[in-house]
Amino acid sequence: MVKPADLKTDEVITFCPGCGNYGILAALKNAVSELGLREEDVVIVSGVGCHGHMANFVRVYTVQSLHGRPVPFAMGVKIANKKLHVIVLSGDGDSFGEGLNHFINVMRGNSNITYICHDNIIYGLTTGQRSPTADKSMITKSTPFGAPEIRIIPVKLALVSGATFVARSYAGDIRHLTDIIKQGIKHEGISFIDVLQPCVTFNKINTFDFYNKRVYKLEKARHNKKSLASALKKAEEWGDKIPIGVFYQERRETFDEFFKQKQPLISRNRSKIDVSKTLEEHK
Ligand SMILES: Cc1ncc(C[n+]2csc(CCOP(=O)(O)OP(=O)(O)O)c2C)c(N)n1
Ligand code: SF4
């Protein structure tokens with residue numbers, strides 16, 4: 001079995017000291033190791049942002065795609081070879097700014113993909129502009145007077161978009177995050193995990209201290225994860241108490257089950273397929 005240390009690459013990790021991304025990196029490696037997955041069966045597709053650099057730091061197949069566009073890449077990989085475990089790493093800007101349409105469509109399409117959002121409530125890589133998950137009142141360098149838009153609540157958006165596994169975890173609780181990622185990977189269908197990820201450099205509000213005082217576990221709160229109504233109610237909780245854990249889970253026909261894909265496309269016999277006519281048409 002591959003150990004977390006075996007999943008280290010030779011790249012120099014460029015996250016700021018103390019960044020919440022270190023916790024996500026550790027939990028992701030733990031999850032791959034504890035599930036006994038083979039490196040060659042895991043594909044990470046990231047967007048562009050600080051989160052996107054993580055594609056360089058895990059020794060599995062990885063693609064760093066474009067800002068806001070990890071979903072089309074990930075779906076392409078999954079369609080070509082449904083046996084692979086495909087994991088999207090995205091940011092709150094990547095997911096809910098540039099990539100919002102992809103987010104909604106992949107949730108309702110129920111592709112068998114694990115979608116992890118590094119939610120630091122800020123644009124980290126571009127040095128601290130407002131993100132769609134920020135409160136109206138949050139002052140940033142791009143919004144010195146706050147902003148008129150109310151915040152997007154990732155868990156709520158995933159729920160109303162039709163996701164079949166919706167969870168939240170916290171980069172400061174690596175054990176909890178590891179378990180949630182493992183559940184997400186094992187889930188048949190789309191699994192969405194919103195990770196509370198402190199950006200120690202540009203977000204001075206949502207710090208480790210802020211979350212340590214507020215997070216509590218749904219697992220210990222007798223939450224019924226089969227009830228969409230209960231999940232939506234919990235999704236609205238954001239104040240003195242912030243829930244983490246699995247909000248909702250259901251089993252529904254997946255993207256590839258709908259298309260009755262019995263075997264990965266790459267294992268189909270391609271020797272009798274003649275594409276010369278199509279190539280000719282597009283000359
Ligand atoms: C199409 C496109 N638009 C904008 C950018 C500039 N850009 C790069 S990263 C980023 C925001 C990153 O924020 P987030 O997705 O939350 O990731 P973080 O850096 O916080 O992990 C932006 C706007 C880009 N690279 N490509
Ligand atoms: S800018 Fe923020 S999110 Fe990016 S590496 Fe630094 S602390 Fe982490």
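Residues numbered from 1 in each chain as written. Chains lettered and ligands numbered in written order. Predicted model: local features only at pLDDT ≥ 70, side-chain atom pairs only at ≥ 80, totals over all residues.

Next up on the list: the overall build of the protein. Scanning the protein from terminus to terminus reveals 10 helices and eight strands. Whereas a compact globule of 283 residues would reach a radius of gyration of roughly 19 Å, the protein reaches 19 Å, a difference of no more than 12%. Overall, the C-alpha framework of the protein stretches about 60 × 40 × 40 Å when taken along its three principal axes. Of all intrachain contacts in the protein linking residues separated by at least 6 positions in sequence, the fraction that spans at least 24 positions is 71%. (Helix = DSSP H or I, 4+ residues; strand = E, 2+ residues; numbered from the N terminus. Rg over C-alpha atoms; globule rule 2.2 N^0.38 Å. Contact = placed C-beta atoms within 7 Å.)

Here the protein averages 97 in pLDDT, and 100% of its residues register 70 or above. Averaged pLDDT values for the elements of the protein fall to 92 in helix H10 (residues 276-281) and rise to 99 in strand E6 (residues 191-196). (pLDDT = per-residue confidence, 0-100.)

If you check the shell around ligand 1, you find 20 residues, and the closest are Gly 49, His 67, Gly 91, Gly 93 and Gly 124. When residues in the shell around ligand 1 are grouped by element, the largest group, four residues, is from helix H3 (residues 92-98). Looking at the shell around ligand 1 residue by residue, the classes come out as six nonpolar, 11 polar and three charged. (Near = placed C-beta within 6 Å. Nonpolar A, V, L, I, M, F, W, Y, C, P; charged D, E, K, R; others polar.)

Once that is clear, we can look at unusual backbone geometry. Of note, the phi angle at Asn 110 is positive, near 55°, even though the residue is not glycine. Locating Asn 110 in the fold gives a position in the loop between helix H4 (100-109) and strand E4 (114-119). For Arg 222, which is not glycine, the phi dihedral falls at a positive 50°. Along the chain, the position of Arg 222 falls in the loop between strand E7 (215-217) and helix H8 (228-235).

Now for the packing of helix H1 (residues 21-34) against helix H6 (residues 174-186). Following both chains from N to C, one finds H1 and H6 inclined at 50°, their axes separated by 8 Å at the closest point. One finds that H1 runs oblique with respect to H6. Crossing hand, H1 versus H6: right-handed. Along the contact surface, H1 presents Gly 23, Ile 24, Ala 26, Ala 27, Leu 28, Asn 30, Ala 31 and Glu 34, while H6 presents Ile 174, Leu 177, Thr 178, Ile 181, Lys 182 and Ile 185. For the contact of H1 with H6, the residue count by class is nine nonpolar, three polar and two charged. (Axes fitted to C-alpha atoms, helices over the stretch in contact; angles between N-to-C directions. Parallel < 35°, antiparallel > 145°, perpendicular 65-115°, else oblique. Left-handed = near helix turned anticlockwise from the far one by under 90°.)

Turning to the site of ligand 2, a few remarks are in order. Around ligand 2, the structure places Phe 15, Cys 16, Cys 19, Asn 21, Cys 50, Asn 120, Gly 124, Cys 199, Val 200, Thr 201 and Phe 202. Grouping the constituent residues of the shell around ligand 2 by class yields seven nonpolar, four polar and no charged.

Within the largest apolar cluster, 58 residues are counted, with the highest numbers of intra-cluster contacts made by Val 166 and Phe 247. Sorting elements by how many residues they give to this core places H1 first, with six residues. When sequence neighbours within four positions are dropped, the list of residues in contact with Val 166 reads Val 155, Ala 158, Leu 159, Phe 192, Ala 231, Phe 247 and Tyr 248. Membership of the second largest hydrophobic core comes to eight residues, among which are Cys 50, Ile 122, Tyr 123 and Ala 134. (Core = buried A, V, L, I, M, F, W, Y, C linked by C-beta atoms within 7 Å. Buried ≥ 20, exposed ≤ 12 C-beta atoms within 10 Å, placed from the backbone.)

What follows deals with the sheet that holds E4. Two modes of strand pairing occur in sheets, parallel and antiparallel, and in both the strands are linked by backbone hydrogen bonds. The strand order E2-E1-E3-E4-E6-E5-E8-E7 describes an open sheet built from eight strands, whose pairing is mixed. Strands with a single pairing partner mark the edges of an open sheet, and in this sheet they are strand E2 (61-64) and E7. When strand polarity is set aside, the average angle formed by the axes of neighbouring strands in this sheet is 20°. (Pairing = 2+ DSSP bridges.)

For the α-helix, the turn length of 3.6 residues means that residues three or four positions removed from each other point alike. The end-to-end C-alpha distance of H1 is 20 Å, a good match for the 20 Å that 14 residues give at a rise of 1.5 Å each. The buried count for H1 comes to 10 of 14 residues, which makes it a mostly enclosed element. Every buried residue belonging to H1 is among Asn 21, Gly 23, Ile 24, Leu 25, Ala 27, Leu 28, Lys 29, Asn 30, Ala 31 and Val 32, and all of these are buried. Packing partners of the buried residues in H1 comprise strand E1 (42-46), E4, H6 and E6. At the exit of H1 stands Gly 36, carrying a positive phi of roughly 70°. (Expected span 1.5 Å × (residues − 1).)

We now examine the environment of His 118. As for its placement among the helices and strands, His 118 is situated in strand E4. On the neighbour-count criterion, His 118 (30 C-beta atoms within 10 Å) is buried. Sequence separation of His 118 and Val 246 is 128 residues, and the distance between their C-alpha atoms is 17 Å. Aside from chain neighbours lying at most four places away, what touches His 118 is Asn 21, Ile 24, His 51, Leu 89, Gly 91, Val 195 and Gln 197.

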